[in-house]
Amino acid sequence: MTGAEQPPAFRLAYVPGATPAKWVRIWGERHPEVPLDLVAVPAAEAAGLVREGGADAALLRLSEDREGLHAIPLYTETTVVVVPKDHLIAAADEVSIEDLADDLVLHPLDDPLGWDELPGRPALERPETTGDAIELVAAGVGVLLVPQSLARLHHRRDLTYRPVADAPQSRVALSWPEDETSDLVEQFIGIVRGRTVNSTRGQQETQSKTGKAAPAKKKPQPQREPARRRNVPKPGGRGKPRRRR
């Protein structure tokens, strides 16, 4: 667009395992004039990217470090243990931390679960990423506990996973700068919270942008019963009206 103003864009960062597709689709339906740019970012860098203005908002995993950020928790993920398909755990529907006491449990540097004490036997070294840890599990070196979305993201035919009932869980949240809640951020908040186009907040946003209140819906008027017919003479007719008996 030479010589013309570029349309505003909304930049949304997201961490591995987060799935913004549904909200992106709704955004495109409601705001086709505003492009939504997706920015894939490592989990450890998501908060910093938002603070530095590299994204308007981010879908990230909540951590203790929330300085300068607003956050709306969206959902809590199930924690699973990833194991080879021939592992004993694969025969169970669900396991507990105690069931992992004899296993070597890998602890990648980008682990999102925030363990106070890692279960099982510790590995000599920590893999750099979850992807690296998955490769070690496939090689038979140990097992790995992760949010279920990451187990799906790194799916392999030779691996499987089972829920761990008493393990810490990861919460995914929408986060944006604490001192800057733009109109575009408000619009996206409305989408992730399930607000409809005709919601009260949507009408308020329309008024703030246009200076006019959104048109109110007309209430249907109750239908009146038809008046009873009376024996009234036509104009210019002869005779008097008959009396009712």
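Residues numbered from 1 in each chain as written. Predicted model: local features only at pLDDT ≥ 70, side-chain atom pairs only at ≥ 80, totals over all residues. Heavy atoms only, no water.

## Here we look at the sheet that holds strand β5 (residues 79-84)
Judged by pairing direction, the sheet is mixed, and its five strands sit side by side in the order β7-β6-β8-β5-β9 without closing on themselves. Strands with a single pairing partner mark the edges of an open sheet, and in this sheet they are β7 (121-122) and β9 (159-163). Here helix α3 (residues 130-138) sits on the sheet and contacts β5, β6 (104-106), β8 (143-147) and β9; the angle it forms with β8, its principal contact strand, is near 140 degrees. (Pairing = 2+ DSSP bridges. Helix = DSSP H or I, 4+ residues; strand = E, 2+ residues; numbered from the N terminus. Contact = heavy atoms within 4.5 Å. Axes fitted to C-alpha atoms, helices over the stretch in contact; angles between N-to-C directions.)

## Some points on the packing of aromatic side chains
If you walk through the whole model with that rule in mind, you get three aromatic pairs. With a centroid separation of 5.4 Å and 35 degrees between ring planes, the pair formed by F10 and F188 is classed as tilted. Here F188 lies in helix α5 (residues 183-192) and F10 lies in strand β1 (residues 10-14), a separation of 178 residues in the sequence. Both rings, one in W27 and one in F188, keep their centres 6.1 Å apart while their planes meet at 50 degrees; by these two values the pair is tilted. In this pair, W27 is assigned in helix α1 (residues 21-30) and F188 in helix α5, connecting sequence segments 161 residues apart. The exposure classification of W27 matches that of F188, with both residues buried. (Phe/Tyr/Trp six-rings, centres within 6.5 Å; stacked < 30°, edge-to-face > 60°. Buried < 20%, exposed > 50% of the residue type's maximum accessible area, 1.4 Å probe, protein only.)

## Focus: α3
Among the residues making up α3, those that are buried are T130, G131, A133, I134 and V137. Along α3, the residues classed as buried sweep out an arc of 155 degrees about the axis, all on the same side. Check the buried side of α3 and you find it contacts β5, β6, β8, α4 (148-153) and β9. Of the residues flanking the end of α3, it is G140, one or two places downstream, whose phi is positive at about 85 degrees. (Arc of directions from axis to C-beta.)

## Quick notes on the pairing of β8
Counting buried positions along β8 gives five out of five residues, so the element sits mostly inside the fold. Sheet analysis places β6 next to β8, joined by two bridges and oriented parallel. When the sheet's bridge partners are listed, V105 is paired in β8 with V143.

## Some details on the pairing of strand β3 (residues 57-61)
By the criterion of burial, β3 is predominantly enclosed, with five of the five residues buried. Of the two faces of β3, the one carrying A57, L59 and R61 and the one carrying A58 and L60 are both buried.

## Things to note about the pattern of salt bridges
The tally for this structure, following the rule as stated, stands at four salt bridges. Measuring nitrogen to oxygen at the nearest pair gives 3.1 Å for the salt bridge that ties E77 to R61. Residue E77 is found in the loop between β4 (69-76) and β5, and its partner R61 is found in strand β3; the two are separated by 16 residues along the sequence. For the pair shown, E77 and R61 are each scored as buried. (Salt bridge = Lys/Arg side-chain N within 4 Å of Asp/Glu carboxyl O.)

## Here we look at the sheet that holds β4
Taking strand neighbours across the sheet as the criterion, the five strands line up as β2-β1-β3-β10-β4 in an open arrangement whose pairing is mixed. If you trace the sheet from one side to the other, it starts and ends with β2 (36-40) and β4, each paired once. On average, each strand axis in the sheet is tilted by 20 degrees relative to the strand beside it, whichever way the strands run. Strand direction decides the pairing type here: β1 and β3, joined by three bridges, are parallel. Directly across from L12, in β3, lies its bridge partner A57. Helix-sheet contacts for α1 involve β1, β2, β3 and β4, and the interaxial angle to β2 is about 160 degrees. Contacting β1, β2, β4 and β10 (171-177), α5 runs over the sheet at an angle of about 160 degrees to β10.

## Some points on the packing of α1 against α5
Interaxial distance between α1 and α5 falls to 10 Å at its minimum, and their mutual angle equals 120 degrees. It follows that α1 is oblique to α5 by the angle criterion. Every pair of crossing elements has a handedness; the one defined by α1 and α5 is right-handed. Only L184, Q187, F188, I191 and V192 of α5 make contact with α1, whose side of the interface consists of W23, I26, W27 and R30. Residue composition of the contact of α1 with α5, by class: seven nonpolar, one polar and one charged. (Parallel < 35°, antiparallel > 145°, perpendicular 65-115°, else oblique. Left-handed = near helix turned anticlockwise from the far one by under 90°. Nonpolar A, V, L, I, M, F, W, Y, C, P; charged D, E, K, R; others polar.)

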